[in-house]
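# A structural walkthrough
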Amino acid sequence: MTNGIHDTDPAAPSRRRFLAATAAAGVTGLAGVGSFTGVQAQSQPQEISLGGETTGWVGREPSGIQGTINPTLELEIGTTYRLTWKNIDGAQHNVALLDGEDAVLQRTEYMSNEGETQTLEFTATEAMDEYVCQAHLNSMRGDITFSNGGAKTETTTEDESDEPKGFFPTGPSIRTDTVVDGDLTAPLGLEVPPGERGEFFIIDQIGVIRRYGADGSGGDVFLDVRDQLIDFDNLPEIKTIDERGLLGLAFHPNFQENSKFYVHYSAKSRPGTPENFTHTQVISEFEINEEGTKALPDTERTVLEIPSPYYTHNGGAIVFGPDDYLYIGIGNGGGALKSSKQPNDWYGANLGGNGQDIEENLMGSILRIDVDGRDGDKAYGIPEDNPLVGKAGLDEHYAWGFRNPWRIGFSGETLIAADVGQRRYEEIDVVRKGGNYGWNVREGGQCFVATKGADPYRSQCPTNTPANVRGGEPLIDPVIQYPHTYETKGVGVAVIGGYIYENATIPDLQGKYVFGDYSKDGKPRGSLFAATPVEGDSWSVEEVSIANGENGELGAYLLCVARDNDGELYALTTDNLGVKGETGAVHRLRPPEAEARETASTETPARPPTATATPEPTSTPPATRTATETASETTNSTGTARSGESGGIVSGDGPGFGILAGLAGLALGAARLLGGEEQ
C-alpha cells in the first residue's frame, strides 16, 4: 500500500484512482474534503450551512465546501460563526464542537424530524479540533483547521461516469442460512473444539458462552462470567456503545486430552489497575466437566492481566497458532491521542499513544505466549523466538503498531488481522513476527498527524522508525484499505476480520479472504467482502451480494466472520446498537439458491449441513501464503495437522465492537463502534 498521502482532498475521488494510488504512491483523503476561510471578526457572524444524514455531512455554504462530504472548516481564531444545518434523513442528530481530547466545547440538542434545522453560534478558539454529530460519531465528523496553521485543502473533479456506484465492485453472490436466532445479545465469536464437528460454541459479549448442536439446537449455557465483568451501564453520558465484555474464546490444541480452554474478558479493576483506568483485560484458563457439557468455574486460572484505561479499543481475539502458542489481539486502550493515560513514544507529532510504545505496556499489539509454560513469576511462558526476547521491550509482543485489531485469525500458517481505523480508513494486515503496522504514525497507508487544529493527513510521514528505535524498522502497509465514505455513500465504519476460504461449497469464494464491516453508515447494514490474495501487493476486493437479503445486504450489524472445523464460514450479527436486547443471530454462508439445491441431497444431520458437500480442508495453503513469513518455525507438538480447526475468535472494536466500535445509533449519544474515533 502507499507510503504517503497528498495534501489535497478531492471532493469526489474515483474508486479507480483511489485503488491505483493505494497501490502506488499516494492516497487522497475522502472524508474531510473541501475547506473555507473565515474573515476577521465583525458585527455579523460568518455563515456556514450544512445538510446531512447518517452517511456524513454535505457542505453547502460558503462556496468552498459546496457538495463536499464532512468538509474541513478552516476558521479564523477570534471570528464568530453561525453554523446552520438541515436534518435530511429524519434520524436523530445534533452538532457538537470537540477539542483535541474529545471534550465537548459547545453542542446543540438532538433533533429527529426530517427537514428540521438548527443553529450553533460560536467564536473560533485554538482549542477546537472537530465538529461531530454525537449520534453518528464515525460517519458524521469533520476536521477544524485554522487559516494561520494547517494546510488548506483543494477540490478536484474527474469524469468517472464509467465507475461502479460503490467503492468496491459487486462480486460473488451467496445465500445465508440462519442457524441460531434467539437468546443472544451480541455474538462476537463462534468456536469449535479441535476434532469436533457436531457442535459449536458462541461467545456473547454480555458474558455468556452457549453450546449448540451443528444444526443450531441446544443453546445451553456453557460458561457464565457476568459477575466478573464490568458494568455495561457505567458509560459516559453521550455514549451507548461499550466495547468491553466477554471478547474471546480459544480451545487448547490438546483439548481432547486436557479439557482446557481460554477466554478473554473485561473484568472490574483488579489490584494493580490504576485508579483512573476503567477495567482490566483478563486472559483466563478453565476446564470442563467429564461430560464435556459445562465449564467448571472453580477451575479458573488467571493467565494474564492487562490494565486498560478506557472502555474502547480492547481488541479481544485469542487464537492458538500452528505452533500451539496463544496469540492475543490487544487494542491501544482508547483515549485521545494526547491522553495522559498513554505513554509517549518516538513519534512526537502525536504526543504518544499505545501502538508504537512496546516497553511500558502490552497494548496496541498482538501478543504471543505459551500457556503451558512458566517464565519466572508469570503464569505463562515466553516463546524463546518472540522478537523482543533479549532486546528492549516487553517479551510478550509478537507484532505491534495496531489501533484496534478486530479480529485476528490464521488461514493456514498466515496470521491476518483487521485493524479498525481512526477517522477515515479501515485496513487488513498480513502479520509477521516483529512487524510494525504503523499506528499511531499511519492510518492505513496514510500519514496521520493529530496536531490540534490541522488536517491529520499529510504528504510527509515516516516510513520507518528512527535508527535508534530497533534499527529503523519499516512501518508495514496493509494489504487492504478502504475509506469510510465514497462519493457521498458509506463504505464502512469498522472492519471485521475473517479467513481465506478453501472449500468448494461456494466456488466463487474459494481461495478468497472473506471479511466484512460492521455497518455501511451506522445503520444495521453490515457488509461482507471477498479479497484475492496476491504476493507482495495490495489485494483486490469485491463486495459480496446476499442473494436472500433485502437489497443484497445482510440487514443487520455484522459482529464477526467465523469458521468451523469443516472450513465453512458464518456471519454473526445483531439488530441492536450496543449490548442490549436479544437480536443476536448466527448465519451460515451458503452458495446461491440453485447451487444449494444441488448439494442438499448429500447433507447429513450428524455434521454441519455443508460438510459432506465440501472436501475436507486441506493443509496445503494457497500459493499466495508462501510470500508471507509463517507464524512460527515450530511444529504441532502432537505431530498432526490441525488445518480444519477454527483459527480463533472472530470478534472485535466497537460493537461494533470493541472492535467494532459503532457509531450510529438513534439513541442519545450513540457511541463509536469498533471503528470509532479514539475515546
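Cut-offs used in this document
Residues numbered from 1 in each chain as written. Predicted model: local features only at pLDDT ≥ 70, side-chain atom pairs only at ≥ 80, totals over all residues. Heavy atoms only, no water. Helix = DSSP H or I, 4+ residues; strand = E, 2+ residues; numbered from the N terminus. Buried < 20%, exposed > 50% of the residue type's maximum accessible area, 1.4 Å probe, protein only. Contact = heavy atoms within 4.5 Å. Areas by Shrake-Rupley, 256 points an atom, 1.4 Å probe, with all protein chains shown as cover. Phe/Tyr/Trp six-rings, centres within 6.5 Å; stacked < 30°, edge-to-face > 60°. Lys, Arg positive; Asp, Glu negative; His and termini not counted. Salt bridge = Lys/Arg side-chain N within 4 Å of Asp/Glu carboxyl O. Polar contact = N/O pair within 3.5 Å; in protein donor to acceptor, adjacent residues only side chain to side chain. Pairing = 2+ DSSP bridges. Axes fitted to C-alpha atoms, helices over the stretch in contact; angles between N-to-C directions. Core = buried A, V, L, I, M, F, W, Y, C linked by side-chain atoms within 4.5 Å. pLDDT = per-residue confidence, 0-100.

### A look at the overall build of the protein chain
When you go through the protein chain residue by residue, the secondary structure sums to three helices and 38 strands. Relative to its 679 residues, the protein chain shows a buried fraction of 63%. In the protein chain, the proportion of contacts linking residues at least 24 apart, taken out of those at least 6 apart, comes to 65%. Just so you have it, the protein chain exposes about 22,600 Å², and 46% of that area is on carbon and sulfur atoms.

### Points about the packing of aromatic side chains
Throughout the structure, instances matching the rule amount to 26 aromatic pairs. Judged by centre distance (5.5 Å) and plane angle (55 degrees), the rings of Trp-346 and Tyr-347 are tilted. A relative accessible area of 8% means that Tyr-347 is categorised as buried. Each ring, one from Tyr-513 and one from Trp-539, has its centre 6.0 Å from the other, and the planes form 70 degrees; the classification is edge-to-face.

### Side note on the side chain of Arg-210
Within the secondary structure layout, Arg-210 lies in strand β13 (residues 208-213). Although Arg-210 is buried, it forms no salt bridge, and the closest oppositely charged side chain is Asp-183 at an N-O distance of 5.0 Å. In this structure the side chain of Arg-210 is engaged in a polar contact, spanning 2.8 Å, whose partner is the backbone oxygen of Gly-219. For Arg-210, the residues in contact, after removing those within four places along its chain, are Asp-183, Leu-184, Phe-200, Phe-201, Ile-202, Gly-219, Asp-220, Val-221 and Phe-222.

### Considering the pattern of salt bridges
All told, the structure shown has 24 salt bridges when counted by the stated rule. Residue Arg-423 is joined to Asp-143 by a salt bridge in which the shortest nitrogen-to-oxygen separation is 2.6 Å. Residue Arg-423 is located in the loop between β24 (414-419) and β25 (425-431), and its partner Asp-143 is located in strand β9 (residues 141-146); the two are separated by 280 residues in the primary sequence. Ionic pairing is found between Glu-553 and Arg-525, a salt bridge with its closest N-O pair at 2.7 Å. Placement of the pair is Glu-553 in the loop between β35 (540-546) and β36 (557-563) and Arg-525 in the loop between β33 (513-517) and β34 (527-532), with a sequence separation of 28 residues. Owing to a relative accessible area of 16%, Glu-553 belongs among the buried residues under this scheme. Judged by its relative accessible area of 26%, Arg-525 is partly exposed. Through salt bridges that share partners, Asp-129, Glu-130, Arg-141, Asp-143, Arg-423 and Arg-424 make up one connected network.

### Here we look at the pairing of β34
Most of β34 sits out of view: five of its six residues are buried. One ladder, built from five bridges, connects β33 with β34; its direction is antiparallel. When the sheet's bridge partners are listed, Tyr-513 is paired in β34 with Ala-531. Bridge count between β34 and β35: four bridges; the pairing is antiparallel. If you follow Phe-529 over to β35, its bridge partner there is Glu-543.

### A word on the environment of Tyr-131
Its location among the elements puts Tyr-131 in strand β8 (residues 128-132). Classification of Tyr-131 as buried rests on a relative accessible area of 0%. The spacing of Tyr-131 and Ile-144 is 13 residues in sequence and 7.0 Å in space, taken between C-alpha atoms. When neighbours within four sequence positions are excluded, Tyr-131 is seen to be in contact with Leu-50, Trp-57, Asn-70, Pro-71, Leu-73, Ala-96, Leu-97, Met-140, Arg-141, Gly-142, Asp-143 and Ile-144.

### Describing the sheet that holds strand β4 (residues 80-87)
Taking strand neighbours across the sheet as the criterion, the four strands line up as β2-β1-β4-β7 in an open arrangement whose pairing is mixed. Strands at the two margins of the open sheet, each flanked by one partner only, are β2 (56-61) and β7 (117-123). Averaged over all pairs of adjacent strands, the angle between their axes in this sheet comes to 25 degrees, without regard to strand direction.

### Overview of the sheet that holds strand β16 (residues 260-267)
Sheet architecture is open: four strands sit in the order β15-β16-β17-β18, paired in antiparallel fashion. With partners counted over all chains shown, the strands left at the sheet margins are β15 (246-251) and β18 (295-308), one partner each. Across the sheet, the mean angle from the axis of one strand to that of its neighbour is 20 degrees, orientation sign disregarded.

### Let's talk about the nonpolar core
Generally speaking, nonpolar side chains in soluble globular proteins are found buried as a group. Ile-428, Ile-480, Tyr-482, Tyr-513, Phe-515 and Leu-528 are the most contacted members of the largest nonpolar core, which has 48 residues in total. Not counting chain neighbours up to four residues away, the residues in contact with Tyr-513 comprise Ile-416, Ile-428, Ile-480, Gly-497, Gly-498, Tyr-499, Ile-500, Phe-529, Ala-530, Ala-531, Pro-533 and Trp-539. Within the second largest apolar cluster, 23 residues are counted, among which are Ile-48, Val-95, Tyr-110 and Leu-120.

### Observations regarding the confidence of the model for the protein chain
Looking at the protein chain, pLDDT values average 79 and 75% of them are 70 or higher. Confidence over residues 1-41 falls short of pLDDT 50; this stretch has 163 contacts with residues more than four positions distant or in other chains. Confidence over residues 149-164 falls short of pLDDT 50; this stretch has 32 contacts with residues more than four positions distant or in other chains.

### Concerning the environment of Glu-582
Tracing the chain through its elements places Glu-582 in the loop between β37 (569-574) and β38 (585-590). With a relative accessible area of 53%, Glu-582 lands in the exposed category. Put simply, Glu-582 and Ala-186 are 396 residues apart on the chain and 7.8 Å apart in space, counted from C-alpha to C-alpha. The residues contacting Glu-582, other than those within four sequence positions of it, are Asp-183, Leu-184, Thr-185 and Asn-576.

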